[in-house]
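The lines below spell out each chain.
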Amino acid sequence: MTILVATSGASAPTWRSALASRLPQDAVVTALEPGQDATVDYAVVWHQEPGLLNALPELKAVFSLGAGVDHVLSDPTLPDVPIVRIVSDDLTGRMSEYIVWRVLDHLRQGRAYRDLEAAARWEDLPQPAAHALRVGILGLGELGRDAAAKLRVLGFKVSGWSRTPRRLEGVEVHSGRDGLAACLAQSDIVVVLLPLTHETRGLIDAAFLGGMKRRTPLGGPVLINAGRGGLQKDADILAALESGLLMEASLDVFEEEPLPPTSPLWRHPRCFVTPHIAAASDPDVLSALIADQITRHRAGGALTGLVDRSAGY
Ligand code: NDP
Ligand code: OXD
């Protein structure tokens with residue numbers, strides 16, 4: 001049996017060998033020989049070429065190499081097989097590290113202190129405590145829930161927003177389209193951990209930014225997006241930073257990736273840019289999870305981490 005690893009970028013050989021070492025009885029390949037299409041029963045993908053999966057007649061399931069699956073579902077010819085995404089403590093922990101890092105850096109005025117340090121100025125700034133701030137987390141899935149729990153431990157008040165109604169201890173949860181306005185209006189820092197779907201595309205626009213809380217202990221609202229770039233309008237974020245509607249932003253994802261060197265977001269003094277690294281997929285850890293799933297599925301067991309294709313996540 002053949003397992004096809006189809007990723008954009010240079011990581012395919014690493015994933016291939018990590019998977020091959022755990023599935024020694026299979027041919028794990030990054031490219032197909034003529035006639036090999038009919039032997040592929042599983043595909044492991046990241047931004048696969050449109051049409052590639054549709055040409056595999058025996059395909060039984062597709063594994064995304066990340067938690068997000070917008071890159072898989074964007075292929076209009078995607079065959080009707082189960083899509084599995086990454087749900088892993090390793091990836092979740094990495095994302096929470098990023099969120100806690102960015103929230104604390106904004107709280108503790110990292111930007112202002114880096115400027116003071118560069119100018120060799122010994123000056124202290126008014127410092128609100130964590131308990132004086134409310135963090136609103138948009139997306140209360142695997143990643144949002146873990147970030148919420150860790151921010152609560154640090155003393156932050158936490159709100160959240162999900163598609164369907166949810167109960168989460170110590171978190172004021174809003175849901176549905178109507179719940180968004182309330183969540184934005186009460187949050188000093190807004191963290192976005194949503195999937196990119198037909199409902200969420202372009203959500204972070206001028207109206208969204210205009211609906212954020214005005215007066216906050218940090219002098220204005222802060223936005224952190226580590227979900228997907230397609231959730232945001234880069235130009236609207238820039239305009240909100242310029243006009244003062246937005247105090248600061250931390251962005252890990254962008255409408256166009258890599259973010260072009262000409263983007264003013266790179267140089268904006270109140271915008272912190274990272275290159276889509278909030279939660280890396282570790283081939284060693286995640287290939288073990290994928291190999292276990294394949295072994296179980298072949299033996300007649302159920303797959304976990306299945307994607308609801310109609311919801312888009
Ligand atoms: P989950 O599927 O576990 O959770 C998604 C959450 O978003 C759920 O709470 C869901 O609501 C909510 N949601 C979906 N659609 C809507 C909507 N229309 N309105 C309100 N809430 C909505 O995903 P994960 O937590 O595992 O991952 C979230 C995203 O993070 C991924 O899809 C990916 O895009 C991104 N990501 C980014 C990484 C990076 O390095 N920057 C790394 C990993 C992931 P409900 O609870 O009702 O279903
Ligand atoms: C993911 C990502 O979806 O890294 O896991 O973006």
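For the structure itself, consult the block above.
As the structure is a computational prediction, the values presented were derived from the model and not from experiment.

**A closer look at the sheet that holds strand β5 (residues 83-84)**
- Pairing is parallel in the open sheet, where 5 strands are placed in the order β2-β1-β3-β4-β5. In this open sheet, the two strands that pair with only one neighbour each are β2 (27-29) and β5.
- In this structure, strand β4 (residues 61-64) lies alongside β5, joined through 2 bridges in parallel fashion. When the bridges of β5 are listed, Val 62 appears paired with Ile 83.
- Sitting on the sheet, helix α1 (residues 12-22) is in contact with β1 (2-7), β2 and β3 (40-46), with an inclination near 155 degrees to β1.
- Relative to β3, helix α9 (residues 283-298) is tilted by about 155 degrees, and along the sheet it contacts β1, β3, β4 and β5.

**Describing unusual backbone geometry**
- Look at the link from Glu 257 to Pro 258: it is a cis peptide, with omega at -5 degrees.
- Of note in this structure, His 47 is not a glycine but carries a positive phi near 50 degrees.
- Here His 47 lies in the loop between β3 and β4.
- In this structure His 47 comes out as partly exposed when scored by relative accessible area, which is 43%.

**Here's the deal with the nonpolar core**
- Within the largest apolar cluster, 46 residues are counted, with the highest numbers of intra-cluster contacts made by Ile 99 and Ile 137.
- Two domains each provide a minimum of three residues to this core, namely domain 1 (2-86 + 281-298) and domain 2 (89-273).
- For Ile 137, the residues in contact, after removing those within four places along its chain, are Gly 144, Ala 147, Ala 148, Leu 151, Val 158, Ser 159, Gly 160, Trp 161, Val 191 and Leu 193.
- With 28 residues, the next largest nonpolar core counts Val 190, Ile 237, Ala 249 and Phe 254 among its residues.

**Here we look at the layout of surface pockets**
- Empty space within the second largest pocket amounts to approximately 150 Å³.
- Taken together, His 106, Gln 109, Arg 111, Ala 112, Pro 126, Pro 128, Pro 217, Leu 218, Val 222, Met 247 and Glu 248 make up the lining of the second largest pocket.
- Here the residues of the lining of the second largest pocket are counted per class, giving 7 nonpolar, 2 polar and 2 charged.

**Here's the deal with the site of ligand 1**
- Lining the immediate environment of ligand 1, one finds 29 residues, of which Arg 85, Leu 140, Thr 164, Arg 166 and Tyr 313 sit closest.
- Take Arg 85: an N or O atom from its side chain is 2.8 Å from an oxygen atom of ligand 1.
- Surface burial for ligand 1 is 93%, taken as the share of its 950 Å² of free accessible area covered by protein chains.
- Taken together, the residues of the shell around ligand 1 sort by class into 14 nonpolar, 8 polar and 7 charged.

**A few points about the site of ligand 2**
- The immediate surroundings of ligand 2 are formed by Trp 46, Gly 66, Ala 67, Gly 68, Leu 91, Arg 228, His 276 and Ala 279.
- Within the contact set of ligand 2, an oxygen atom lies 2.7 Å away from a side-chain nitrogen or oxygen of Arg 228.
- The contact in question runs from an oxygen atom of ligand 2 to an N or O atom on the side chain of His 276, over 2.6 Å.
- A total of 210 Å² of accessible area belongs to ligand 2 in isolation, and the protein chains cover 86% of it.

**Notes on the environment of Pro 221**
- With respect to the helices and strands, the residue Pro 221 is situated in the loop between α7 (206-210) and β10 (222-225).
- Residue classification places Pro 221 among the buried residues on the basis of a relative accessible area of 1%.
- Not counting residues within four places of it along the chain, the set of residues in contact with Pro 221 comprises Asp 188, Met 212, Lys 213, Arg 214, Thr 216, Leu 245, Leu 246, Met 247 and Glu 248.

**Quick notes on the packing of helix α3 (residues 89-107) against helix α5 (residues 142-153)**
- Packing of α3 against α5 brings their axes to within 9 Å, and their N-to-C directions diverge by 50 degrees. Between α3 and α5, the angle falls in the class oblique. Where α3 crosses over α5, the two elements pack in a sense that is right-handed. Of the residues in α5, those in contact with Leu 91, Thr 92, Gly 93, Met 95, Ser 96, Ile 99, Val 100 and Val 103 of α3 are Glu 142, Leu 143, Asp 146, Ala 147, Lys 150 and Leu 151.

Calculation rules
- Residue numbering note: each chain is counted from 1, following its sequence as written.
- Just so you know, chain letters begin at A and ligand numbers begin at 1, following the order they were written in.
- Thresholds applied to this predicted model are a pLDDT of at least 70 for local features of residues and 80 or more for the giving and counting of side-chain atom pairs; totals over whole chains, interfaces and linings are not thresholded and use all residues.
- In computing side-chain values, all of the structure's heavy atoms are included and hydrogens and water are not.
- When DSSP finds at least two bridges between two strands, those strands are taken to pair.
- Numbering goes from the N terminus for both helices and strands, where a helix is a DSSP run of H or I of at least four residues and a strand is a run of E of at least two.
- In what follows, a contact means two residues having at least one pair of non-hydrogen atoms within 4.5 Å.
- The axes used here are C-alpha line fits, helices contributing only the stretch in contact, and every angle between their N-to-C directions lies in the interval 0 to 180 degrees.
- Categorising residues by exposure relies on relative accessible area from a 1.4 Å probe, with only protein chains included: less than 20% of the type maximum marks a residue as buried, more than 50% marks it as exposed, and the intermediate range marks it as partly exposed.
- Only buried Ala, Val, Leu, Ile, Met, Phe, Trp, Tyr and Cys residues count toward a nonpolar core, and they belong to the same one when joined by side-chain atoms within 4.5 Å.
- Here the bounds of each domain stem from an automatic or database domain assignment.
- Definitions used for this entry: grid spacing 1 Å over protein atoms alone; cavity, a set of points where a 1.4 Å probe fits but cannot get out; pocket, an open set with protein on both sides within 12 Å along at least 5 of 7 lines; lining residue, one with an atom within 4 Å of a point.
- Grid points are joined across faces, edges and corners, and a volume is the space filled by probe spheres set on the points.
- Residue polarity is assigned by list, with Asp, Glu, Lys and Arg as charged and Ala, Val, Leu, Ile, Met, Phe, Trp, Tyr, Cys and Pro as nonpolar; anything else, Gly included, falls into the polar class.
- We call a residue near a molecule or strand when any one of its heavy atoms sits within 4 Å of it.
- By the criterion applied in these results, polar contacts are pairs of N or O atoms within 3.5 Å in which, for protein atoms, one can donate a hydrogen and the other can accept it, and in which residues neighboring in sequence qualify only through two side-chain atoms.
- Each accessible area is a Shrake-Rupley result for a 1.4 Å probe, and residues are judged covered by the shown protein chains and nothing else.
- The scheme is simple: roughly parallel for angles under 35 degrees, roughly antiparallel for over 145, roughly perpendicular for 65 to 115, oblique for anything else.
- Crossing chirality is assigned from the near helix's rotation relative to the far helix, an anticlockwise turn below a right angle marking it left-handed and a clockwise turn marking it right-handed.

These values are about where atoms sit, not about what they do.
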